[in-house]
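Chain residues, written in single-letter form:
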2 protein chains.
Amino acid sequence: MLSTYQLKDISADTKARLLLRNTDDGGQIEDSVKQIIQKVAQKGDKALLELTEQLDGVKLEKLFVEVTEISALAAQVNENERNALITAYQNIERFHQQQLVKETKVETTKGVTCWRENRAIEKVGLYVPGGSAVLPSSFLMLGIPAKIAGCKEIVVCTPPQKNGKINPYVAFVATLLGIQKIYLLGGAQAVAAMALGTESIPKVSKIFGPGNQYVTKAKVLAQSMFGTAMDMPAGPSEVLILADKSANAKFIASDMLAQCEHGADSQAVLLSTSAELVEKVNIELKTQLEKLPRKEIASKALIISYAILTENMGDLIEFSNEYAPEHLIIASDDWENISPKIINAGSVFLGNHTPEAAGDYASGTNHTLPTSGFAKAYSGVSVDSFIKKITFQHISKEGINNLGPTVEILANLENLHGHKNSITVRLEE
Amino acid sequence: MLSTYQLKDISADTKARLLLRNTDDGGQIEDSVKQIIQKVAQKGDKALLELTEQLDGVKLEKLFVEVTEISALAAQVNENERNALITAYQNIERFHQQQLVKETKVETTKGVTCWRENRAIEKVGLYVPGGSAVLPSSFLMLGIPAKIAGCKEIVVCTPPQKNGKINPYVAFVATLLGIQKIYLLGGAQAVAAMALGTESIPKVSKIFGPGNQYVTKAKVLAQSMFGTAMDMPAGPSEVLILADKSANAKFIASDMLAQCEHGADSQAVLLSTSAELVEKVNIELKTQLEKLPRKEIASKALIISYAILTENMGDLIEFSNEYAPEHLIIASDDWENISPKIINAGSVFLGNHTPEAAGDYASGTNHTLPTSGFAKAYSGVSVDSFIKKITFQHISKEGINNLGPTVEILANLENLHGHKNSITVRLEE
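Computed from a prediction, not measured in an experiment: that's the story for all the values here. Along every chain, residues carry numbers that run from 1 in the direction the sequence is written. Chains carry letters and ligands carry numbers; both start at the beginning, A for chains and 1 for ligands, and go up in the order they are written. Given that the model is predicted, a residue must reach a pLDDT of at least 70 before its local features are reported, and side-chain atom pairs must reach 80 or more before they are shown or counted; all residues, however, enter totals for whole chains, interfaces and linings. Hydrogens and waters are ignored; side-chain quantities use all the structure's heavy atoms.

### Points about the interface of chain B and chain A
Contact definition: two residues touch when any of their heavy atoms are within 4.5 Å. In this assembly, 112 residues from chain B lie in contact with 112 residues from chain A. Reported buried area values correspond to the accessible surface (1.4 Å probe) lost by two parts on association, with both partners' losses combined. Summing both sides of the interface, chain B and chain A together bury roughly 10,000 Å²; the carbon and sulfur share of this comes to 59%. Of all residues in chain B, Tyr 361, Gln 393 and Arg 426 of chain B bury the most surface against chain A, accounting for 8% of the area lost on that side. The term salt bridge refers to a pairing of a side-chain nitrogen on Lys or Arg with a carboxyl oxygen on Asp or Glu at a separation within 4 Å. For Lys 389 of chain A, the salt bridge is made with Asp 384 of chain B, and the minimal N-O distance between the two is 3.8 Å. Here a polar contact is taken to be a pair of N or O atoms separated by no more than 3.5 Å, where protein atoms must pair a possible hydrogen donor with a possible acceptor and residues adjacent in sequence count only if both atoms sit in side chains. Linking chain B with chain A are 64 residue pairs in polar contact (both at pLDDT 80 or more), by the criterion used here.

Right, dumping it as structure tokens:
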């Protein structure tokens, strides 16, 4: 069932194809997103209401819901679900809380003291997907680090449901986060609104959150056109599994299908030292797929998924580092030896009892992660994504006497005599 | 001499203009940079040699210099200058070294352990400006954190001088950093080559470094076209000075001129609670400007520079936070009370004996900083810029029994039954 390759037989061309994930849209999406941005820039709220009617099929009176309506909707969530969302909240908070560290001061030269201080990004925008796939978990993953960082204004956009309201789970998460207002906006128009600001939607400095190709393109364009920062570029979700004979075929198949049910363009890659395991995984995939409600989507994703076999785990780790997976599962009892060799990955799941789904929802780590090989240069979302680290320095009279002459020489060799003079006037005082 | 405003008289429109720095080129630069990128994509090294002849007026035999030639050039640097560069190196290293912190593990639920580990970005590209403004200091500011992070491949591009060689100071810094090979490439073509890779130039995952508008535009385009990460968007350099009557007019004028000598589009802003101080600064500016070799450039920059007066320091701090300066000097004996209120800035210089030039060269902090208001969302370059933080998690059998039921509920409410099943199969084992 899975396309299976022997690592030694893979040509350079085939390898390049197996590593490639970027889905180029040929510029078509860019054109429509640019039109949406232009419309929002020109007509503000009016454009947003028109676009929402046109694209989401919902005619809104106003572009937001406020705290009383949020509370009313949140009350629809049953107790079991509430408790699960609260547990996830607590674990995510526990893990992210430790990321806000106060750094110590360094005296680099006698009298010259340097340090960094954290400051929250004041205005951030969170995009929470809605419509067909409502993801309250993404709201938790973005909202909690934003709260821990201390962001003053957290603007949340989520597309309205057909009834013009927001999803009750999203409403409940809003109450947990203490968010008082949610904007009923989806797609590229939500990103455009947060990047530009309109009568109703506050302008933000950085935009976070997953979304379809239009949302992603809008984030990229907002960054290059207006300098609005963003969490990271995003593509279809993916998992790579490194497995040896200690792995459990049933567990692996379940993890691969969990990935594949996301979308037809999702990918699950199995790298294994055991041919027998791959055989068993194929059998399990067939059985488990039958019972899956999103079977059709998952089947399509399985077509672009594949397995690679070789005897040497080291070679598989190398392939994994080249692939740079968003999610990496090390399905092996030997995970403690393998994990230090992992160089490129978004989030790593160690051992046979650590399913990706745990990290997707509730173990505490963030699920907003770099896809499509971006893990070579990007980290997943964390509290770091919501703060800036500002450098501070204080130099005493003694300090400038010690360091000044060095700076004068360096400014001089770069022919920046004004720089040199700013030292000289202080040394001459 | 400085355009001076009373804060209370500033209209909303004037304020918007005073805060604005983005220089839009109307798309002309984008078109030429896109052509350069296309040429490099199609013809590789051949394009690079042609573009270097055409744009830099230098006909090269090969696109790089190697270690023997680097050493020979480095030997031209005199001892005083060597020592100054070494002192800067040591201070920068001392300050940046502490940024690489090992985080502790968090047990979020009994049996569920999560943590982050640092991994260097394997392949990074450093752009070191050359030609008219040679900046060995920028090479230090990028190379040292890259070394501390542990980047495996550090690709350095710098434009060739008219004699086809690199600058001796750049060569000396390369020997300090242990860089064995430097690529003779400048402008947008250098960025394109590092983003795409050619026969001679290795492809990198992230590109760092200051440059002119073409270099900056190329970095932005490489990010949106190929997903090559970059340090930050960059505009003209700027300083903002918060000053009260304890400030020294001579020092302030020298700091403003140091900023203004960078380029005609640089800006120095003086916010003061003392009208008398601004008067004195104007007198000092006149005197000091006369002696400045780069007087013509600085005079132009002074035209777009300005002062704002009001009695209340709090109001000035608020303006400064809205401006979000690259460099902020707090020229006041009261800096300890002011500095906690600073929310948006790249790097902050505290007190009357802390000139910006110290941080530009040798105090230890990084001088690659967010300009044009980007300090609202971006930090300056640090070791963080050269690493990814990968999340790891391990869940024991006990852990999945504790956390699993919560994940099942959450996956179910998002209608992701494959996710739920990946838990169920493990709970049922």
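The structure having been displayed, the exposition proceeds.
### A look at the relation of the copies chain B and chain A
Laying chain B over chain A is done by rotating through 180 degrees and shifting 0.0 Å along the axis; what remains is an RMSD of 0.0 Å. Classification of the inter-copy transformation places it as that of a two-fold axis. No C-alpha of chain B lies nearer the rotation axis than that of Ser 224 of chain B, which sits 3.8 Å from it. Take the interface residues of chain B: 100% of them recur as interface residues in chain A, which is what a same-surface contact looks like. A least-squares superposition brings the copies together, and it is based on the C-alpha atoms of residues with pLDDT no lower than 70 in both.

### A short note on the pattern of salt bridges
All names here are of chain A. Counted according to the given criterion, the structure contains 41 salt bridges over all chains. Its salt-bridge partner being Lys 8, residue Asp 9 comes within 3.6 Å of it at the nearest N-O pair. Taking relative accessible area as the criterion, Lys 8 reaches 70% and is therefore assigned exposed. Linking Glu 322 and Lys 15 is a salt bridge whose minimum nitrogen-to-oxygen distance equals 2.8 Å. Here Glu 322, found in helix α13 (residues 313-323), pairs with Lys 15, found in helix α1 (residues 12-19); they are 307 residues apart in sequence, far enough to count as distant. Among the ionic contacts, a cluster of salt bridges with common partners joins Lys 39, Lys 43, Lys 46 and Glu 50. Summary of the burial criterion: residues with accessible area below 20% of their type's maximum are buried, those above 50% are exposed, and those between are partly exposed, where the area comes from a 1.4 Å probe applied to protein chains only. A run of H or I in DSSP counts as a helix once it spans at least four residues, and a run of E counts as a strand once it spans at least two, with each numbered from the N terminus.

### Remarks on the pairing of strand β5 (residues 123-127) of chain B
All names here are of chain B. Across the five residues that make up β5, a large majority, four, are buried. The pairing criterion is simple: DSSP has to find at least two bridges between the two strands. Looking at chain direction, β5 and strand β8 (residues 206-208) are connected through three bridges and run parallel. When the bridges of β8 are listed, Val 124 appears paired with Lys 206.

### Describing the packing of aromatic side chains
In this description, a pair of aromatic rings is defined by centroid distance and the angle of the planes. Residues and elements named next belong to chain B. Each pair of aromatic rings taken from Phe, Tyr and Trp, with Trp reduced to its six-membered ring, is defined by centres within 6.5 Å and is described as stacked if the planes are under 30 degrees apart, edge-to-face if over 60, and tilted in the remaining cases. In the structure shown here, the tally under the stated rule is ten aromatic pairs over all chains. Considering the side-chain rings of Tyr 5 and Tyr 306, the 6.0 Å spacing of their centres and the 90 degrees angle between planes classify their relative orientation as edge-to-face. Residue Tyr 5 is located in strand β1 (residues 3-6), and its partner Tyr 306 is located in strand β12 (residues 306-309); the two are separated by 301 residues in the primary sequence. Classification of Tyr 5 by relative accessible area gives partly exposed; the value is 21%. Between Trp 115 and Phe 392, the aromatic rings sit 5.9 Å apart at their centres with planes inclined by 10 degrees, giving stacked as the arrangement. Note that Trp 115 is positioned in strand β4 (residues 112-120) and Phe 392 in strand β15 (residues 387-395), a separation of 277 residues in sequence. Note on Trp 115: relative accessible area 5%, which makes it buried. Using a relative accessible area of 0% as the deciding quantity, one classes Phe 392 as buried. Charge-over-ring placement is defined geometrically: NZ (Lys) or CZ (Arg) within 6 Å of the ring centre, and within 35 degrees of the ring normal. Between the NZ or CZ atom of Lys 105 and the centre of the ring of Trp 115, over which it lies, the distance is 4.0 Å. Across the ring face of Phe 64, the terminal group of Lys 181 is positioned such that the distance to the ring centre comes to 4.3 Å.

### Quick look at helix α4 (residues 67-74) of chain B
Residue and element names in this part refer to chain B. Considered for burial, the residues of α4 that qualify are Ile 70, Leu 73 and Ala 74. The buried residues of α4 occupy an angular sector of 100 degrees when projected down its axis, which confines them to one face. Residues of α4 that are buried make contact with β2 (64-66), α5 (79-97), α7 (168-177) and β7 (181-184). Think of it as the arc spanned by the lines of direction from the helix axis to the C-beta atoms.

### Side note on the sheet that holds strand β2 (residues 64-66) of chain A
All names here are of chain A. Pairing is mixed across the open sheet formed by six strands, whose spatial order is β2-β7-β6-β5-β8-β9. One side of each edge strand has no neighbouring strand; the edge strands of this open sheet are β2 and β9 (229-230). Two strands pair when backbone bridges link them, and strand β8 (residues 206-208) and β9 are joined in this way by two bridges, in the parallel orientation. Bridge pairing in β9 links Ile 207 to Met 230.

### As for the sheet that holds strand β9 (residues 229-230) of chain B
Residue and element names in this part refer to chain B. Taken together, six strands build an open sheet; the order of strands is β2-β7-β6-β5-β8-β9 and the sheet is mixed. Strands with a single pairing partner mark the edges of an open sheet, and in this sheet they are β2 and β9. Pairing analysis gives five bridges linking β5 to strand β6 (residues 153-158), with the strands arranged parallel. For Val 124, the partnering residue across the bridge sits in β6 and is Ile 154. Running over the sheet, helix α6 (residues 136-149) touches β5, β6, β7 and β8 and is turned about 165 degrees from β5. Helix axes are fitted to C-alpha atoms over the stretch in contact, other axes to C-alpha atoms as well, and angles between N-to-C directions run from 0 to 180 degrees.

### A few points about the environment of Leu 85 of chain A
Mapped onto the elements of the fold, Leu 85 of chain A is located in helix α5 (residues 79-97). Under the relative-accessibility criterion, Leu 85 of chain A is labelled buried at 1%. Leu 85 of chain A sits 276 residues away from Tyr 361 of chain A along the chain, and the two C-alpha atoms are 8.9 Å apart. When near neighbours in sequence (up to four residues on either side) are disregarded, Leu 85 of chain A contacts Leu 140, Tyr 169, Phe 172, Val 173 and Leu 176 of chain A together with Leu 410 of chain B.

### Looking at α1 of chain A
Residues and elements named next belong to chain A. Listed in full, the buried residues belonging to α1 are Thr 14, Leu 18 and Leu 19. End-on view of α1: buried residues confined to an arc of 130 degrees, all on one side of the axis. The exposed residues of α1 that point more than 90 degrees off its buried face are Ala 12 and Asp 13. Among the structural elements, β1 (3-6), β12 (306-309) and α13 are those in contact with the buried residues of α1.

### Here's the deal with the pairing of strand β13 (residues 327-331) of chain A
Residues and elements named next belong to chain A. By the criterion of burial, β13 is predominantly enclosed, with five of the five residues buried. Residues of β13 alternate between two faces, with His 327, Ile 329 and Ala 331 on one and Leu 328 and Ile 330 on the opposite face, all of them buried. Strand direction decides the pairing type here: strand β10 (residues 238-243) and β13, joined by five bridges, are parallel. The partner of Leu 240 across the bridge, within β13, is Leu 328. Alignment of β13 against strand β14 (residues 347-350), held across four bridges, turns out to be parallel. Bridge pairing links Ile 329 to Phe 349 in β14.

### Topic: the confidence of the model for chain A
Along the chain, pLDDT gives the predictor's confidence residue by residue, from 0 to 100. When pLDDT is averaged along chain A, the result is 96; 98% of the residues meet or exceed 70. Taken over the whole predicted complex, pTM reads 0.97, whereas the ipTM for its chain interfaces reads 0.96.

### Description of unusual backbone geometry
Residue and element names in this part refer to chain A. Positive phi, close to 55 degrees, is recorded for Ser 372, a residue that is not glycine. The residue Ser 372 is located in the loop between α15 (356-361) and β15 (387-395) in this model. Despite not being glycine, Asn 415 shows a phi value in the positive range, around 60 degrees. For Asn 415, the location among the structural elements is in the loop between α16 (397-413) and α17 (417-427). A relative accessible area of 48% means that Asn 415 is categorised as partly exposed.

### A look at the side chain of Gln 189 of chain B
Assignment of secondary structure puts Gln 189 of chain B in helix α8 (residues 187-196). With residues up to four places along the chain from it excluded, the contact list for Gln 189 of chain B reads Ile 36, Val 40, Leu 48, Leu 51, Leu 55 and Asp 56 of chain B.

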